[in-house]
Structure formats: C-alpha cells, structure tokens
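What follows is each chain in one-letter form.
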Amino acid sequence: MKLTKTLLATSALVMTAGAASAIDLTLVSWGGAYQKSQLKAYAEPYMAAHPDVNIIWDESSAEAVAKLRAMNEAGNLTWDLVDVDASDSFRLCDEGLAMEYDPDELLAPADDGTSASEDFGAQIVNDCYIPQIVYSTTFGYRTDLVGDTAPSNICDVFDLEAYPGKRSLEKRPINNMEWALICDGVAKDDVYDVLATDEGQQQALAKLDTIKDQVIWWSAGADTPQLLADGEVVMGSTYNGRLFSAIAEQNQPIAMLWDAQVFSFDGWVIPAGLPEERLAVVKDFLKFATDTQRLADQAKYISYGPARASSAPLVGQHADLGIDMAPHMPTDPANAQNVFYYNFEFWADYRDDIDAKFQAWLAG
C-alpha cells in the first residue's frame, strides 16, 4: 500500500509569474519504520519550512531497478527521488538511469565546514549514490523458543537439531548465499571469490538445501518481525531497524543475533532525465535532508547509523522511548565484533545471473 504524505517545498523554486504553483514529486522508499524515520527526521521539518510541493511516498524501492528500466524504455519517468541500497545504485549508475552528481556542489558541508565529500568519505561508493544510513541485515530470534542456550553464531541458523523450528529468510540470494558459504567452511575473506564461480554458487545452494523445507521466504522487511511476533518462526533475518522496532517499541519477546551481520548502506539516487523544475526542488530537498543535523535526527527514530561522520556525535536518545540509541546501532563495538561486509560491486556484476539460479532452485 502506498503511503501518501504532503510535503511543502520552497516557494522560490516553484514561483511562476509572481505566484506560487504547486509541484508534485514522488519519493520512493521502503515503507515501515525506515520510511517513518525519513518522514520524521527531514520530511516534516522541510514541510514546516517550505510551502508548495506535494510529495507522494511510493514504497517500491525493492523493485527500483526493474521499474526505472521500464520507465526509461517507456519514456515516462514518474519518480523524482529513489532510496536504494548501494548495490542497486551501481547498476542504475552503470546503465545511465541515475544522475551523476558532485557531492560538494549538491550536498551541504558539515557544520564545521568539512566538505560533504570528506564528511561522507568512502560511503559515496559511486558517482550517483547519495548515502544516508549504515544498516545491517541480521537475525532476530524468539527468546522463549530457543531453549536454555540462545543462538550466538550465524551457523546456528543452519542447526535444526539444536534449534528446531521454522526460519525466515529473504527471497533473494543476497546475504543468504554468503551466510551459507561461511557456514559451509569458507573463510569470510574468500566468500566472494568462491561465490563468483559456478561451483561456489552450487555449494551455497546445497547448504541452503539443508534447511530449505524449514524456511518461510519473505519479501518485505516487516515480514520477519511479524512472523516472530506470531511465533511462526523461531528465528529470521531482516533489517536491524525492523528488529529494533519489534523489540524496543513493541516489547516483543525477541532478541538480536548480531553475529555475521551484513553491513550495507542505503541512500538516494536521482533518476536521470528529470525536468529542470522538478530537479531543482529535488536538489533543494536533498541538501536539507542529508545535512549533519538531519541525518543525526534520523537515528532518533530508527537504529541505523548516520552516513556522515559529523552526524555520529549528535546521535542521542530515541524520540519517544528516551533510550540511548548508540548501543542499538549496528556499528556499536559490542554489536560489530564479527561483521560481514557486503560487496556492492560483486552483486552489481553477478546479481542477474545468480538471481536466476536462486529462483530456479527455489522452484525446484
């Protein structure tokens, strides 16, 4: 279901013949707690400061590549700003579907004058990607369904004897293939070299075969928290912010399994070919939404780390719960003892081929 919000943007950008004229923009995101954090941290403040732009929130980020390809082929671009994970930004940039930009021209410097390019640093992973947050895909488990010894290792997901019951995994190869290889004895540093081969892909699928009949496959980030809350699965993967919401905000009997959490980034791309009027408003919104304070403010609503170095010291308490947010971040030292780093370029190169094999395996 689409979430529609009205966002007011600068009248100076939409003024024609001395009168303000409303302009509709469509922002694409993921829904749920993450989209709510975007709304609270920078959409609503921007709305309060600027009168005249209607923004429609579309929750289709999971299909961003396919939909932008289709819009390009049809010559009908209906999206104005799209939130994507970093790997999808490589594909969109390589295919000319996302606009290249100069960080120091488009984005605000840090409060101390540090340039945007330096402040975001290596998280600007390509010429089209505008980082927002650091997040992880990890596991949650039902504390009352795992017995006396809680799972502490990623390979507990594959241990049906110690932890019987259903698991939930995302219905795509990303992360699942990496975890499968790690739990089949492949060293973390070698995972992508192995996964680049047909033999390595078959090895990962064979490991997943060992739990396939105990898996409920999810497509939306909200699925695993709901399955855990309903007791339909004993453990399941999803985004750490979704699990934080279930644990801290909903008081569900769920705990986090941080081992081998997969670090990734999420951010914006501007679709290539926007009309100048719409592009001007998008740029104005982006400069505001990605500044030091706004990205720090986002952490008041969700346990994702801000992408700017200057924002990290400003992360404080949850806006409603009053709890310190730093210990709930995937980047907290206690949570980041055995991180697995997602390889964006690998998946940009191999995604379509491995997707096809994975879907065939699922159907088999």
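Residues numbered from 1 in each chain as written. Predicted model: local features only at pLDDT ≥ 70, side-chain atom pairs only at ≥ 80, totals over all residues. Heavy atoms only, no water.

Considerations on the confidence of the model for the protein
Link 1 in the chain: Predicted confidence across the protein gives a mean pLDDT of 91, with 94% of residues reaching 70 or more.
Link 2 in the chain: Every residue in residues 1–20 scores below 50 in pLDDT, and together they form 55 contacts with partners more than four places removed in sequence or on other chains. (pLDDT = per-residue confidence, 0-100. Contact = heavy atoms within 4.5 Å.)

Quick look at the packing of aromatic side chains
Two numbers describe a pair of aromatic rings. These are the distance of the centres and the angle of the planes.
Link 1 in the chain: Here the structure, examined in full by the defined rule, presents 19 aromatic pairs.
Link 2 in the chain: Summarising the aromatic geometry, the rings of Phe358 and Trp361 are spaced 5.5 Å apart at their centres and angled 40 degrees between planes, so their arrangement reads as tilted. With Phe358 and Trp361 both in helix H14 (residues 344–363) and 3 residues apart, the pair spans about one turn of that helix. Take Phe358 and Trp361: they sit in the same class, and that class is buried.
Link 3 in the chain: Ring pairs connect the aromatic residues Tyr34, Tyr135, Trp218, Tyr239 and Tyr304, which therefore count as one cluster.
Link 4 in the chain: The lysine or arginine in question, Lys212, covers the ring of Trp361, its NZ or CZ lying 4.5 Å from the ring centre. (Phe/Tyr/Trp six-rings, centres within 6.5 Å; stacked < 30°, edge-to-face > 60°. Helix = DSSP H or I, 4+ residues; strand = E, 2+ residues; numbered from the N terminus. Buried < 20%, exposed > 50% of the residue type's maximum accessible area, 1.4 Å probe, protein only. Lys NZ or Arg CZ within 6 Å of the ring centre and 35° of its normal.)

Re the environment of Arg351
Link 1 in the chain: Within the secondary structure, Arg351 is located in helix H14.
Link 2 in the chain: As a C-alpha pair, Arg351 and Ile174 span 177 residues in sequence and 8.3 Å in three-dimensional space.
Link 3 in the chain: Apart from residues no more than four positions distant in its own chain, Arg351 is found in contact with Asp88, Arg91, Arg172, Ile174 and Phe346.

Some words on the environment of Pro271
Link 1 in the chain: Mapping Pro271 onto the fold places it in the loop between strand S11 (254–269) and helix H12 (276–289).
Link 2 in the chain: For the pair formed by Pro271 and Ala326, sequence separation is 55 residues and the distance between their alpha carbons is 33 Å.
Link 3 in the chain: Excluding residues that lie within four positions of it along the chain, Pro271 makes contacts with Leu68, Leu77, Trp79, Asp80, Leu81, Val82, Leu97 and Met99.

A word on the state of the cysteines
Link 1 in the chain: Following the criterion strictly, the structure yields 2 disulfides and no others.
Link 2 in the chain: Residue pairing for Cys155: its cysteine sulfur links by disulfide to Cys183, the two sulfurs lying 2.2 Å apart. Taking the sign of the S-S torsion, about -100 degrees here, the bridge from Cys155 to Cys183 comes out left-handed. With Cys155 in the loop between strand S7 (130–142) and strand S8 (167–170) and Cys183 in the loop between helix H7 (176–182) and helix H8 (191–195), this residue pair connects regions lying 28 residues apart in the sequence.
Link 3 in the chain: Judged by its relative accessible area of 12%, Cys183 falls in the buried class. (Disulfide = S-S within 2.5 Å.)

Examining the nonpolar core
Link 1 in the chain: Core analysis: the largest hydrophobic core is formed by 45 residues, its most contacted members being Ile154, Val157, Met177, Leu195, Leu208 and Trp347.
Link 2 in the chain: Residue assignment for this core shows that the elements contributing at least two residues are helix H4 (86–94), S7, H7, H8, helix H9 (198–209), S11 and H14.
Link 3 in the chain: At 8 residues, H14 tops the list of elements feeding residues into this core.
Link 4 in the chain: When neighbours within four sequence positions are excluded, Trp347 is seen to be in contact with Ser87, Pro173, Ile174, Met177, Glu178, Tyr192, Leu195, Tyr342 and Ile354. (Core = buried A, V, L, I, M, F, W, Y, C linked by side-chain atoms within 4.5 Å.)

Regarding H12
Link 1 in the chain: Between its terminal C-alpha atoms H12 stretches 20 Å, which fits the 20 Å expected from 14 residues at 1.5 Å a residue.
Link 2 in the chain: Within H12, burial applies to Arg278, Leu279, Val281, Val282, Phe285, Leu286, Phe288 and Ala289. (Expected span 1.5 Å × (residues − 1).)

Focus: the side chain of Asn240
Link 1 in the chain: Mapped onto the elements of the fold, Asn240 is located in helix H11 (residues 240–249).
Link 2 in the chain: Excluding residues that lie within four positions of it along the chain, Asn240 makes contacts with Tyr135, Ser136, Thr138, Met256, Trp258, Ser303, Tyr304, His328 and Pro330.

Points about empty space enclosed by the protein
Link 1 in the chain: Per the counting criterion, the structure on display carries 3 cavities of 30 Å³ or more.
Link 2 in the chain: Considering only enclosed or pocket space, the largest cavity measures out at about 130 Å³ in volume.
Link 3 in the chain: In terms of lining, the largest cavity is formed by Trp30, Tyr34, Asp85, Ile133, Tyr135, Arg172, Tyr239, Arg242, Asp266 and Tyr304.
Link 4 in the chain: Taken together, the residues that form the lining of the largest cavity break down as 6 nonpolar, no polar and 4 charged.
Link 5 in the chain: Space inside the second largest cavity adds up to approximately 50 Å³.
Link 6 in the chain: Lining the second largest cavity are Asp85, Tyr135, Thr137, Arg172, Ile174, Asn175, Val262, Ser264 and Tyr342.
Link 7 in the chain: Where the lining of the second largest cavity is concerned, the elements lending two or more residues are S7 and S11.
Link 8 in the chain: Along the lines of polarity and charge, the residues of the lining of the second largest cavity split into 4 nonpolar, 3 polar and 2 charged. (1 Å grid on protein atoms, 1.4 Å probe; cavity = no way out; pocket = protein on both sides within 12 Å on 5 of 7 lines; lining within 4 Å. Points joined across faces, edges and corners; volume = space filled by probe spheres on them. Nonpolar A, V, L, I, M, F, W, Y, C, P; charged D, E, K, R; others polar.)

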